[in-house]
Amino acid sequence: MLFQTQKTALKPLTTAHLAQTMTLLEYSNDELRQEIESALANNPALELSDEKRCPTCNRRLIGNQRCPVCSSPNHVHDEEPIIFISPRTDFTPKGKEIYQDEIDPEEWTASIEDLATFVLRQIAPELAPEDRKIAAHLLSALDEDGLLTITLVEVAKYHHVPLSRVKQVQELIQRADPIGVGSLSPSEALLIQVKILEENSHYVPPKTADAIMEGMDLLCKRGFTELGKKINKSTKEVSRIVDFIGKNLNPYPARAYWGDSYGNQEPNQYYEESDIIISLLDDSPDTPLVVEIVAPYAGALRVNPLFQKAISDAPGEKSEQWESDFYQATLLVKCIQQRNNTMVRLMNHLVTIQRKYILGGNAYLVPITRSQIAKDLNLHESTISRAVAGKAVQLPNKRIIPLSNWFDRSLQIRTEIIQLVSEEKEPLNDTQLTEILIEKGYQVARRTVAKYRDLEGIPPSRLRNSRQIVSA
DNA sequence: CTATGGCACGGATT
DNA sequence: AATCCGTGCCATAG
């Protein structure tokens, strides 16, 4: 479970704590769920009502709310986003559980055998006959994720061959189709994937390999800043690297085995849950966006109405405790409502502004600042900051990105640069790039263009041949 | 001499 | 108050 988010334990739910963080805004879903779970366990006044579903589209609903999608004004295309809180507990796109649920055991083992032979067939031509046994041995020791369950030394000893030879065979296997199969660890799998992408001159953010080697644990904990210091890159660059890894690499090679061929597979979603999901209602160009603010619980969280009645005739020694429970429960529910309310307002505004970006991609990102949004919504800057921090959004194209990306001032220009470079006939130097950009209406300095170029991993013009492949 | 990358400053953001 | 980011200046490599 290397890639599961490992958040630090939350402080216990105390009145003082709640008072300080009146809104639970800065909590991501993951954290909020923990908070709620502990509250439910410790506070008898809280209860979770049964979940309801929309009879027509089966969406989960809160309490007695009408289904926001089905009851939206008859699907009038007015480009108004449809925004609602969507309760769910089943959003665990984390691979293991899902596959185990969806694939019955027999089919499962069959797939594993298939995987081994599938790989063996690929490498057979390059495999020296005397190495076949080694390859077979290795392949039979794959776990369901495509990782090795034995060490290379064991294999070497067993076959009485030098370790280096086993390594050679292993590398051959790693390079076969689910790229990275037969690695000893997720990080090794990632590394080989990076290596191969680079060999095929795909774009890989600089220092990605370093990041993987140095900080798998930090990567999982999302300790970007710390990791940044270690490999001498800014937090932002690190998060870009993480973003890249999430989209293009797979620490558990076999899990991609059922997807398309490498490269077209569904983006991996193993390390981040989205707090917000955006989808399209239909495929017309002016379709409303369906924005779901995901709540980490099913049904509605509320104060048990019976509990309040019971307080008055509580046994004497308990009454104080019950009062306090009741108070805390009410407070928590209010805070959550407050949080939801703010998120809805925020997303409504954001989605309207960034509609083109959501539909059309990075090039259409409107540069806005958090403080501007704060003014628009009459909220405090720090409120917006908190609401944005640590939240992940799933776009209609299934990519999961941090919400903070929507405030990236330079993303537009950077995509423009990638565009220009990928279409250039002769390498453009930084000055020329700057000129073109200024003509296009971007106000940007030469030095800055150089920085962006570097950030995107594009080498300086003189090191570029006329045709350089840049990532999509 | 030109293109690039390092350093440092100031303004913006968090 | 601390940090990040864009930019100008300058040294250096080619």
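Conventions used here
Residues numbered from 1 in each chain as written. Chains lettered and ligands numbered in written order. Predicted model: local features only at pLDDT ≥ 70, side-chain atom pairs only at ≥ 80, totals over all residues. Heavy atoms only, no water. Near = heavy atom within 4 Å. Polar contact = N/O pair within 3.5 Å; in protein donor to acceptor, adjacent residues only side chain to side chain. Helix = DSSP H or I, 4+ residues; strand = E, 2+ residues; numbered from the N terminus. Nonpolar A, V, L, I, M, F, W, Y, C, P; charged D, E, K, R; others polar. Core = buried A, V, L, I, M, F, W, Y, C linked by side-chain atoms within 4.5 Å. Buried < 20%, exposed > 50% of the residue type's maximum accessible area, 1.4 Å probe, protein only. Contact = heavy atoms within 4.5 Å. Expected span 1.5 Å × (residues − 1). Phe/Tyr/Trp six-rings, centres within 6.5 Å; stacked < 30°, edge-to-face > 60°. Salt bridge = Lys/Arg side-chain N within 4 Å of Asp/Glu carboxyl O. Axes fitted to C-alpha atoms, helices over the stretch in contact; angles between N-to-C directions. Parallel < 35°, antiparallel > 145°, perpendicular 65-115°, else oblique. Arc of directions from axis to C-beta.

Draft legend 1. View of the protein's contact with DNA strand B. Close to DNA strand B lie T369, R370, E381, S385, N429, D430, R446, R447, K451, R453, P460 and S461, which account for all nearby residues. For DNA strand B, the fraction of atoms within 4 Å of the protein that belong to sugar or phosphate moieties is 56%. The separation between a phosphate oxygen of DNA strand B and a polar side-chain atom of R453 is 2.7 Å. S461 has a polar side-chain atom sitting 2.6 Å from a phosphate oxygen of DNA strand B. Residue assignment for the surface near DNA strand B shows that the elements contributing at least two residues are α16 (381-388) and α19 (446-455). Counting residues per element, the surface near DNA strand B draws most heavily on α19, at four residues. Within the surface near DNA strand B, the residues separate by chemical class into one nonpolar, four polar and seven charged.

Draft legend 2. Fine view of the nonpolar core. Counting 49 residues, the largest nonpolar core has I278, M347, L350 and W406 as the members making the most contacts within it. Broken down by element, this core gets its largest block of residues, twelve residues, from helix α13 (residues 316-353). Excluding residues within four positions of it along the chain, M347 makes contact with I83, I276, V291, I293, L403 and W406. Of all hydrophobic cores here, the second largest spans 23 residues; its members include I150, V155, A156 and L172.

Draft legend 3. Representation of helix α7 (residues 163-174) within the structure. A rise of 1.5 Å per residue sets the reference length of α7, with its twelve residues, at 16 Å; its end C-alpha atoms lie 16 Å apart and thus fit the reference within 8%. Taken residue by residue, α7 has V166, V169, Q170, L172, I173 and Q174 as its buried positions.

Draft legend 4. Molecular detail of the side chain of E47. Looking at the secondary structure, you find E47 in strand β1 (residues 46-48). Of the polar contacts made by the side chain of E47, one reaches the side chain of R302; its length is 2.5 Å. Setting aside anything within four residues of it in sequence, one finds E47 in contact with L40, A300, L301, R302, N304 and P305.

Draft legend 5. Region of the structure containing the packing of aromatic side chains. Following the criterion strictly, the structure yields two aromatic pairs and no others. Ring geometry for F307 versus W322: centroids 5.4 Å apart, planes at 35°, classification tilted. Here F307 is found in helix α12 (residues 305-312), whereas its partner W322 is found in helix α13, with 15 residues between them in sequence. Overall, the relative accessible area of 24% leaves W322 in the partly exposed class. Taking the centre distance of 5.8 Å and the plane angle of 80° together, the rings of Y357 and W406 count as edge-to-face. Here Y357, found in helix α14 (residues 355-360), pairs with W406, found in the loop between β9 (400-402) and α17 (411-423); they are 49 residues apart in sequence, far enough to count as distant. According to the relative accessible area criterion, Y357 is buried, its value standing at 3%.

Draft legend 6. Region of the structure containing the pattern of salt bridges. For the structure on display, the rule yields eight salt bridges. As a salt-bridge pair, R414 and D408 come within 3.6 Å of each other at their nearest N and O atoms. Of the two residues, R414 and D408, neither departs from the other in class, the shared state being buried. Connected through shared salt-bridge partners, E171, R175 and K195 make up one network.

Draft legend 7. Examining the packing of helix α18 (residues 430-439) against α19 more closely. Between α18 and α19, whose axes approach to 9 Å, the crossing angle comes to 105°. Comparing the axis directions of α18 and α19 gives the class roughly perpendicular. For the pair α18 and α19, the contacting residues are D430, T431, L433, T434 and L437 in the first and R446, V449, A450 and R453 in the second. Broken down by class, the residue content of the contact of α18 with α19 amounts to four nonpolar, two polar and three charged.

Draft legend 8. Main features of the environment of S274. By secondary structure assignment, the location of S274 is in the loop between α11 (235-248) and β5 (276-280). According to the relative accessible area criterion, S274 is buried, its value standing at 6%. Distance from S274 to R399, taken between C-alpha atoms, is 9.7 Å for residues 125 residues apart in sequence.

Draft legend 9. Broad picture of α18. Within the span of α18, buried status applies to D430, L433, T434 and L437. Within α18, the buried residues cover an arc of 100° as seen down the axis, which keeps them to one side. Tucked into the core, α18 has its buried residues touching α17 and α19. The backbone nitrogen of T431 lies 2.9 Å from a side-chain oxygen of the residue at the head of α18, namely N429. Phi for G441, located one or two positions after α18, is positive at around 100°.

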